[in-house]
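Chain residues, written in single-letter form:
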Number of protein chains: 2
Amino acid sequence: MTEEDLILQQVLNEEEELTEKQKKIIIAAIESFSEKGFAATSTSEIAKKAGVAEGTIFRHYKTKKELLISIVTPVMAKLLAPFIIKDLNKVLDRDFEKFEDFLRAMIENRKKFLKNNFAIFKILVQEIPFQPELREQFLEHIAKKTFGRFAKLVEHYQAKGQIIEMPSASAVRLAASAIIGYLLINSVFGSGKEWDDEAEIERTIEFIMHGISKKE
Amino acid sequence: MTEEDLILQQVLNEEEELTEKQKKIIIAAIESFSEKGFAATSTSEIAKKAGVAEGTIFRHYKTKKELLISIVTPVMAKLLAPFIIKDLNKVLDRDFEKFEDFLRAMIENRKKFLKNNFAIFKILVQEIPFQPELREQFLEHIAKKTFGRFAKLVEHYQAKGQIIEMPSASAVRLAASAIIGYLLINSVFGSGKEWDDEAEIERTIEFIMHGISKKE
DNA sequence: TTAAAAAATGAGTGATTACTCACTTTACAG
DNA sequence: CTGTAAAGTGAGTAATCACTCATTTTTTAA
């Protein structure tokens, strides 16, 4: 439970048996795709960066696109896995009495994930609009499975009287917008000293719960 | 005041005098860049789609990148212009008594803009991570000018007692996250019949004002 | 009507692209 | 050791890339 978040490591170790050269190819490809974009990265460049002959790439991956997909797929499958697939059901009835506490844990969890997998995440976001395979995977893994789970979670807290009545899809959208907005801005400005992270997290949670209007 | 939002038309008509062929090049380039991405689009493809010789492109634009920038720059400059540069100051003290009304107008305004300029907007978002010139322009036009104006607007409504006390930057971030989240999801699912647009707009505004917690 | 300027052309440039394949090296079971 | 399969190689492929330039067509103005 220490560093299950490092998807790169996870893929390099667990999955199938990868040769040393193959690992180097993956690492080099992630770096280049993230920096320059998929289409603007050449296979010769990846080979050079990986210290490998260009032919070696095509021994393991039939095409350049297949290399991309082999990198991005595990992120898809695990993007929200720690909470969703493993823990969400427990969370639902046991762990968090208050929705606010769930939000806090959620933000912390996804923040770590994003930090640990920023390069791969960036590739994913960049290429989804152009790669139909990726879009399908995304809809399958994220949009359907994950979103459905969150909807149920919202309904749970609605039943408890902590969340107002509205379609659960809308509630998920609104909360997710705020959290994703926080995560993205934190990933850009998080290192600056004007950014008070603790405070911003609390403001985000407070905002999701109570908005920004003055109570009277 | 009818269709000032169509940036493409605006560029093609107003700006400098463009030849017919040049207009066709711009239209073809926007289409291809939006569909396949900048790096994956070839100049020969643009020329063919525009019904123009490839050399004609390079008569007007020194490089392919210059073509990209000439397309995206006006969007930058005008992305939030209608509200910001032209109307925001008036709005500030006169038009909207309540912050909620401002939000409503804001959402409607930006929704139209996005709908009318979706292809160019997509290109902008896609290429900002890879084109330093675009990033600079973005910081100059959007991040600084626009964000500063919004911050002032928030402070105005804080002074009126309609928004709780918090750093104005944080309030802008939170409200903008909710609005942008709405706009993006609307641009994807907005055509489906499960999407009740009026209701989602109101929920978004209500969320920004009061969050999703049950009042008691 | 004409001459100069601007716009447009498309064949041609060398560089680079993703990918192939005959070959060599390495790993390992019997 | 030996044989076999997998891993790795890098020169070579045709296609495509962004871009050039000598030439032709169109526009403009006197």
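Placed above this text is the structure.
Just so it is clear, the model here is predicted, and its values are computed rather than measured.

Undergrad: What is the right way to read the relation of the copies chain B and chain A from this model?
TA: Relating the two copies of this chain is a rotation about some axis coupled with a shift parallel to it. Overlaying chain B on chain A yields an RMSD of 0.0 Å, the required transformation being a rotation through 180 degrees with an accompanying axial translation of 0.0 Å. The operation mapping one copy onto its partner corresponds to a two-fold rotation axis. Residue Gly211 of chain B of chain B places its C-alpha closer to the rotation axis than any other residue of that unit, at 2.0 Å. With an isologous cut-off of 70% or more, the 98% of interface residues of chain B that recur at the interface of chain A puts this contact in the isologous class.

Undergrad: Is there a simple way to think about the nonpolar core in this case?
TA: Grouped burial of nonpolar side chains is what soluble globular proteins tend to show. Within the largest apolar cluster, 55 residues are counted, with the highest numbers of intra-cluster contacts made by Phe99 and Ile208 of chain A together with Phe99 and Ile208 of chain B. Elements with a contribution of two residues or more to this core: helix 7 (99-116), helix 9 (132-159), helix 10 (168-189) and helix 11 (197-210) of chain A together with helix 7 (99-116), helix 9 (132-159), helix 10 (168-189) and helix 11 (197-210) of chain B. If near-sequence neighbours (up to four positions away) are discounted, Ile208 of chain B is found in contact with Phe207, Gly211, Ile212 and Ser213 of chain A together with Phe99, Leu103, Ala175, Ala178 and Ile179 of chain B.

Undergrad: I keep staring at the protein's contact with DNA strand C and nothing clicks. Help me out?
TA: Surrounding DNA strand C, one finds 17 residues, the nearest of these being Thr43 and Lys64 of chain A together with Lys21, Thr56 and His60 of chain B. Near-protein atoms of DNA strand C (within 4 Å) split between backbone and bases, with sugar and phosphate holding 60%. Taking Ala53 of chain B, its main chain carries an N or O atom lying 3.1 Å from a phosphate oxygen of DNA strand C. Of all elements in the fold, only helix 3 (43-50) and helix 4 (54-60) of chain A together with helix 4 (54-60) of chain B reach the threshold of two or more residues within the surface near DNA strand C. The biggest single contributor to the surface near DNA strand C is helix 4 of chain B, with 4 residues. Residues belonging to the surface near DNA strand C are distributed by class as follows: 3 nonpolar, 9 polar and 5 charged.

Undergrad: Quick question: what am I supposed to make of the side chain of Ser34 of chain B here?
TA: Of note, Ser34 of chain B is situated in helix 2 (residues 20-36). For Ser34 of chain B, the contacting residues outside a window of four places in its chain are Phe130 of chain A together with Ala29, Ala119, Lys122 and Ile123 of chain B.

Undergrad: Please clarify how the packing of helix 11 of chain A against helix 10 of chain B should be interpreted in this entry.
TA: In a pair of packed helices, the angle between the axes and the distance between the axes together describe the arrangement. In contact at an axis separation of 11 Å, helix 11 of chain A and helix 10 of chain B are set at 45 degrees when each is read in the N-to-C sense. Here helix 10 of chain B runs oblique to helix 11 of chain A, going by the angle between their axes. Of the two possible hands of crossing, helix 11 of chain A and helix 10 of chain B adopt the one that is right-handed. Listed contacts from helix 10 of chain B to Glu200, Arg203, Thr204 and Phe207 of chain A of helix 11 of chain A are Ser170, Arg173, Leu174 and Ala175 of chain B. In terms of residue class, the contact of helix 11 of chain A with helix 10 of chain B is made up of 3 nonpolar, 2 polar and 3 charged.

Undergrad: Please explain the packing of aromatic side chains as it appears in this structure.
TA: In this description, a pair of aromatic rings is defined by centroid distance and the angle of the planes. All names here are of chain A. Under the definition given, this model contains 9 aromatic pairs over all chains. Taken together, Phe99, Phe102 and Tyr157 form an aromatic cluster joined through their ring pairs. Directly above the ring of Phe38 sits Lys64, whose terminal nitrogen or CZ lies 4.6 Å from the centroid. When the ring centre of Phe113 is taken as origin, the NZ or CZ atom of Arg110, which lies over that ring, is 4.6 Å away.

Undergrad: What exactly am I supposed to notice about the interface of chain B and chain A here?
TA: In many analyses, interface size is given as the accessible surface area lost on bringing the parts together. Taken together, the contacts link 40 residues of chain B with 39 residues of chain A. Taking both partners together, chain B and chain A bury about 3,500 Å²; carbon and sulfur atoms supply 63% of that area. Three residues, Phe130, Arg173 and Ile212 of chain B, lead the burial of chain B against chain A; their summed loss comes to 22% of the area buried on that side. Here chain B and chain A share 2 salt bridges between them. Counting across the interface, chain B meets chain A through 19 residue pairs in polar contact (both at pLDDT 80 or more). In terms of residue count, the dominant contributor to the side of chain B that touches chain A is helix 10 of chain B (9 residues). Partitioning the side of chain B that touches chain A into residue classes produces 20 nonpolar, 12 polar and 8 charged.

Undergrad: Please explain the layout of surface pockets as it appears in this structure.
TA: If a probe the size of a water molecule is rolled over the atoms, the empty space left behind becomes visible. There is about 450 Å³ of room inside the second largest pocket. Along the wall of the second largest pocket there are 21 residues; nearest its centre are His210 and Lys215 of chain A together with His210, Ser213 and Lys215 of chain B. Elements that contribute at least two residues to the lining of the second largest pocket include exactly helix 7 and helix 11 of chain A together with helix 11 of chain B. A per-class count over the lining of the second largest pocket returns 3 nonpolar, 8 polar and 10 charged.

What counts and how
- Counting of residues starts from 1 at the beginning of each chain's written sequence and follows it residue by residue.
- Chains and ligands are labelled sequentially in the order written, the chains with letters from A and the ligands with numbers from 1.
- Only residues with pLDDT of 70 or above have their local features reported here, since the model is predicted, and side-chain atom pairs are shown and tallied only from 80 upward, although totals for entire chains, interfaces and linings are computed over all residues.
- Water and hydrogen atoms play no part in the side-chain values, which are based on all heavy atoms of the structure.
- Superposition of the copies was done by least squares, using only C-alpha atoms of residues whose pLDDT is at least 70 in both.
- Residues count as neighbours in contact if any of their non-hydrogen atoms are within 4.5 Å of one another.
- Take the buried Ala, Val, Leu, Ile, Met, Phe, Trp, Tyr and Cys residues and link them wherever side-chain atoms come within 4.5 Å; each set so joined is a nonpolar core.
- A 1.4 Å probe rolled over the protein chains alone gives each residue an accessible area, and that area as a share of the maximum for its type sets the label: buried under 20%, exposed over 50%, partly exposed in between.
- Going along the chain from the N terminus, every DSSP run of H or I of four or more residues is numbered as a helix, and every run of E of two or more is numbered as a strand.
- Any residue with a heavy atom positioned within 4 Å of a molecule or strand is treated as near that molecule or strand.
- Think of a polar contact as two N or O atoms within 3.5 Å of one another; within protein, one of them needs to be a possible hydrogen donor and the other a possible acceptor, and neighboring residues in sequence only count if both atoms come from side chains.
- Classes in brief: Ala, Val, Leu, Ile, Met, Phe, Trp, Tyr, Cys and Pro nonpolar; Asp, Glu, Lys and Arg charged; the others, Gly included, polar.
- To get an axis, fit a line to the C-alpha atoms, keeping to the stretch in contact for a helix; angles then go from 0 to 180 degrees between the N-to-C directions.
- These descriptions rest on fixed angle ranges, namely under 35 degrees for roughly parallel, over 145 for roughly antiparallel, 65 to 115 for roughly perpendicular, and the rest for oblique.
- In this scheme, a crossing is called left-handed if the near helix is turned counterclockwise away from the far one by less than a right angle; it is called right-handed if the turn is clockwise.
- In summary, the pairing rule links any two rings of Phe, Tyr or Trp, Trp by its six-membered ring, whose centres are within 6.5 Å, and it sorts them by plane angle into stacked for under 30 degrees, edge-to-face for over 60 and tilted for everything else.
- Whether a charge lies above a ring is judged from NZ of Lys or CZ of Arg, which has to be within 6 Å of the ring centre and within 35 degrees of the ring normal.
- The term buried area means the drop in 1.4 Å probe accessible area that two parts suffer when joined, counted for both and summed.
- For salt bridges, the criterion is a side-chain nitrogen of Lys or Arg within 4 Å of an Asp or Glu carboxyl oxygen.
- In this analysis a 1.4 Å probe is tested at points of a 1 Å grid over the protein atoms alone, and where it fits but cannot get out there is a cavity; an open set with protein on both sides within 12 Å along at least five of seven lines is a pocket; lining residues have an atom within 4 Å of a point.
- Grid points are joined across faces, edges and corners, and a volume is the space filled by probe spheres set on the points.

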